[in-house]
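Chains, contacts and geometry: an overview
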Amino acid sequence: MNIELIIAIIVFVCLLTVLGLALVVGVRIRESRGQVRRMGMPQKVQTVNELAAPFGFFYDEKQEVFTSRLDAWQRKQGYEALFDRMAAGVNMVLDAWPVYFDYEGRTWLIELWKGQYGINTGGEVGIYHAKNIVPEDSYKTAHFDAAEDDEMPQIICRLERKGREVYRQNKEHWWLTGFEMGRFSKPSELRLTVTIHFREQKMAVAFYRGLVKTGVPKEQYHICRNEVSIDMDHSPKTGHLEKLHRIWVLFQNRVCCRLFLMVTWPFKNTVDRMMFLYYLVPSCFRRMLRLKRNCIPQKCMRCRRQRR
């Protein structure tokens, strides 16, 4: 048998394999699209919410965004500054505005975030506190617990992208969020406006003083009795290496956004796209809902405990 014949057989087998795979994928895509189209919208929303619940989120059908649940598992994890430092490692490029302040024998942290979470454009407001007073030089290493039910303030937040409203939320919460799937944004293109209504005016004043200490221009926040309003339309400065890393991660996120929209074509709304992905590639569906920063850092925390 000569070499030309062997090459021809190999090429023929490869072509048959490719055609076979293409046929299988085509059938799977057709079946998945059919399953989505046969479902009513209430059933789709219910199914997406059942699938999203273990990840700590539910789907807001009116605004077409995912938002965090009060009983989200992330509540037990609390917060550490390490989570933000590791964000880019899980494809999240965020602007963060942490505000530390002391109130009634404990150091509190209220933090705002906006940016690109994988293929999601989103924003967050988190309410946390330590068990006691934390020295300023320990802020970056201290652990903060999520606020309890009787400690949660009323939060009104609105995220805009280039002047267009992405979402608006108004709830008592310890971690109020919103994520628009399939939308790519640079953090500098986003504006997060937040109003927090505290239970006591003393706490509002303490938080306001914490804002002053951050060095952000006073035009971006103000206080009125129990309410403090914040306008986060800035992006904190970063070093050259960090800036390059953020650019690279944003490039990856932009590509992934386009792939998501391409694969889930011809569906237009988020719930249809998500249900299609669930039937077509369940692992991708789960990947889309990993809207957290503490997956890798939590492993680091366990390692530190083991070393101790």
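In short, a report on the structure. (Residues numbered from 1 in each chain as written. Predicted model: local features only at pLDDT ≥ 70, side-chain atom pairs only at ≥ 80, totals over all residues. Heavy atoms only, no water.)

**Brief notes about the pairing of strand 5 (residues 120-129)**
Among the ten residues that make up strand 5, ten are buried, leaving the element largely enclosed by the rest of the structure. Of the two faces of strand 5, the one holding Asn 120, Gly 122, Glu 124, Gly 126 and Tyr 128 and the one holding Thr 121, Gly 123, Val 125, Ile 127 and His 129 are both buried throughout. Taken together, the ten bridges between strand 4 (residues 106-117) and strand 5 define a ladder with antiparallel strand orientation. Its bridge partner being in strand 5, Gly 115 is matched across the sheet by Gly 122. (Buried < 20%, exposed > 50% of the residue type's maximum accessible area, 1.4 Å probe, protein only. Helix = DSSP H or I, 4+ residues; strand = E, 2+ residues; numbered from the N terminus. Pairing = 2+ DSSP bridges.)

**Concerning the sheet that holds strand 12 (residues 227-232)**
Strand pairing in a sheet takes place through backbone hydrogen bonds and is either antiparallel or parallel in direction. Reading across from one edge, 8-7-10-12-11 is the order of the five strands in this open sheet, with antiparallel pairing throughout. The open sheet is flanked by strand 8 (164-172) and strand 11 (221-224), the only strands paired with a single partner. Strand after strand, the sheet turns through a mean of 10° between neighbouring axes, direction not considered. Note: strand 7 (residues 154-161) against strand 8, eight bridges, orientation antiparallel. When the sheet's bridge partners are listed, Arg 158 is paired in strand 8 with Arg 168. Sheet strands touched by helix 5 (residues 201-213): strand 10 (190-197), strand 11 and strand 12. Its angle to strand 11, the strand with the most contacts, is close to 165°. (Axes fitted to C-alpha atoms, helices over the stretch in contact; angles between N-to-C directions. Contact = heavy atoms within 4.5 Å.)

**Comments concerning the pattern of salt bridges**
Applying the stated criterion to the full structure yields 16 salt bridges. Ionic pairing is found between Asp 95 and Arg 246, a salt bridge with its closest N-O pair at 3.0 Å. Linking Asp 95 in strand 3 (residues 92-103) with Arg 246 in helix 6 (residues 240-263), this pair joins segments that are 151 residues apart in sequence. Each member of the pair, Asp 95 together with Arg 246, is buried. Measuring nitrogen to oxygen at the nearest pair gives 4.0 Å for the salt bridge that ties Lys 213 to Glu 136. Taken together, the positions of Lys 213 in helix 5 and Glu 136 in the loop between strand 5 and strand 6 (145-146) put the pair 77 residues apart, joining distant regions of the chain. Glu 136 matches Lys 213 in its accessibility class, with the two residues each being exposed. Through salt bridges with shared partners, a single ionic network connects Arg 158, Glu 160, Glu 165 and Arg 168. (Salt bridge = Lys/Arg side-chain N within 4 Å of Asp/Glu carboxyl O.)

**What about helix 5?**
For helix 5, which comprises 13 residues, the first-to-last C-alpha distance of 19 Å matches the rise-based estimate of 18 Å (1.5 Å per residue) to within 8%. When we look at burial in helix 5, the residues that qualify are Met 203, Ala 204, Ala 206, Phe 207, Gly 210 and Leu 211. Within helix 5, the buried residues cover an arc of 160° as seen down the axis, which keeps them to one side. Summarising the geometry of helix 5, the exposed residues directed more than 90 degrees from the buried face are Lys 202, Arg 209 and Lys 213. On its buried face, helix 5 sits against strand 3, strand 4, strand 10, strand 11 and strand 12. (Expected span 1.5 Å × (residues − 1). Arc of directions from axis to C-beta.)

**Quick look at helix 6**
The first and last C-alpha atoms of helix 6 sit 35 Å apart over 24 residues, in line with the 34 Å expected at 1.5 Å per residue. Buried within helix 6 we find Arg 246, Val 249, Leu 250, Asn 253, Cys 257 and Phe 260. Summarising the contacts, the buried residues of helix 6 are in contact with strand 3, strand 4, strand 9 (175-181), helix 7 (270-280) and helix 8 (282-288).

**Quick notes on the packing of helix 2 (residues 41-52) against helix 7**
At a minimum axis separation of 10 Å, helix 2 and helix 7 run at an interaxial angle of 65°. Considering only the axes of helix 2 and helix 7, their crossing is left-handed. Along its contact with helix 2, which presents Met 41, Lys 44, Val 45, Thr 47, Val 48 and Leu 51, the element helix 7 presents Val 271, Asp 272, Met 274, Met 275 and Tyr 278. Residues that form the contact of helix 2 with helix 7 fall into these classes: eight nonpolar, one polar and two charged. (Left-handed = near helix turned anticlockwise from the far one by under 90°. Nonpolar A, V, L, I, M, F, W, Y, C, P; charged D, E, K, R; others polar.)

**A closer look at the packing of aromatic side chains**
Applying the stated criterion to the full structure yields 19 aromatic pairs. Aromatic ring contacts, followed pair by pair, group Phe 57, Tyr 79, Phe 83, Trp 113, Tyr 117, Tyr 128, Trp 174, Trp 175 and Phe 179 into a single cluster. (Phe/Tyr/Trp six-rings, centres within 6.5 Å; stacked < 30°, edge-to-face > 60°.)

By themselves, these are just geometric observations and shouldn't be taken as functional.
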